[in-house]
Amino acid sequence: MQYWLFKTEPGCFGIDDLKKSKDQITSWDGVRNYQARNFMKAMKVGDIGFFYHSGKNPEIIGLVEVVKEAYPDHFAWNMFDQHYDPKSTEENPIWYMVDVKLLEEFKEPITRKQLSGEIALAGMELMRKGSRLSVQPVEKQYFDHIMSLVKK
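Not measured: the values here are computed from a predicted model. (Residues numbered from 1 in each chain as written. Predicted model: local features only at pLDDT ≥ 70, side-chain atom pairs only at ≥ 80, totals over all residues. Heavy atoms only, no water.)

Among the structural elements, T26 can be located in strand β2 (residues 25-28). Every residue in contact with T26, bar those within four places of it in the chain, is listed here: F13, L18, S21, V98, D99 and V100. (Helix = DSSP H or I, 4+ residues; strand = E, 2+ residues; numbered from the N terminus. Contact = heavy atoms within 4.5 Å.)

Pasting the structure below:
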């Protein structure tokens, strides 16, 4: 099993939106960064990810599970969609998405400030200065440490 972090703006698609989705499942679409896309292509069903609200009050708000492995992001083919990319086609897709299901919403979110105060998380991708990837791997040691903060 691998661990991930999925960033989203709560005003765009937050955990409340995920809770309202059919079966609390959504496609993680619209990713337009090659490295983040490659991470999604490496995901397997059963992988677990943190659901991270970015923006003014960044925080880890819950857990999701990958329930469908990477498949072409068809929104890239729709010229009326905000994630349209004319270089991506059905015959030669560039962008991919996965489906995730809500596992848990944390009673108390773990704020970015809390994360920054944890020396044990200093090497985590999220903590690196300038890290802006919307999808990123989380090493097991970091996942376990964050989960220990959730359980406190």
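Don't stop here, the text continues.
This part is about the pairing of strand β5 (residues 96-111). With four bridges joining them, β2 and β5 adopt antiparallel strand pairing. Residue I25 lies in a different strand from β5, and its bridge partner there is K101. Both strand β4 (residues 59-72) and β5 contribute to a ladder of ten bridges, which runs antiparallel. Following the sheet pairing, V64 is matched in β5 by L102. (Pairing = 2+ DSSP bridges.)

Counting residues in each nonpolar core, the largest one holds 21 residues, and the members touching the most others are L5, F50, I60, L115, M124, V138 and F143. Contributions of two or more residues to this core are made by β1 (3-8), β3 (48-53), β4, β5 and α5 (140-151). If we ignore the near neighbours within four places in the chain, the residues touching F50 are W4, L5, F6, I60, G62, L63, F106, V138, F143, I146 and M147. Within the second largest apolar cluster, 19 residues are counted, among which are F51, V64, V100 and V135. (Core = buried A, V, L, I, M, F, W, Y, C linked by side-chain atoms within 4.5 Å. Buried < 20%, exposed > 50% of the residue type's maximum accessible area, 1.4 Å probe, protein only.)

The quantities given are spatial measurements derived from coordinates; they are silent on function.
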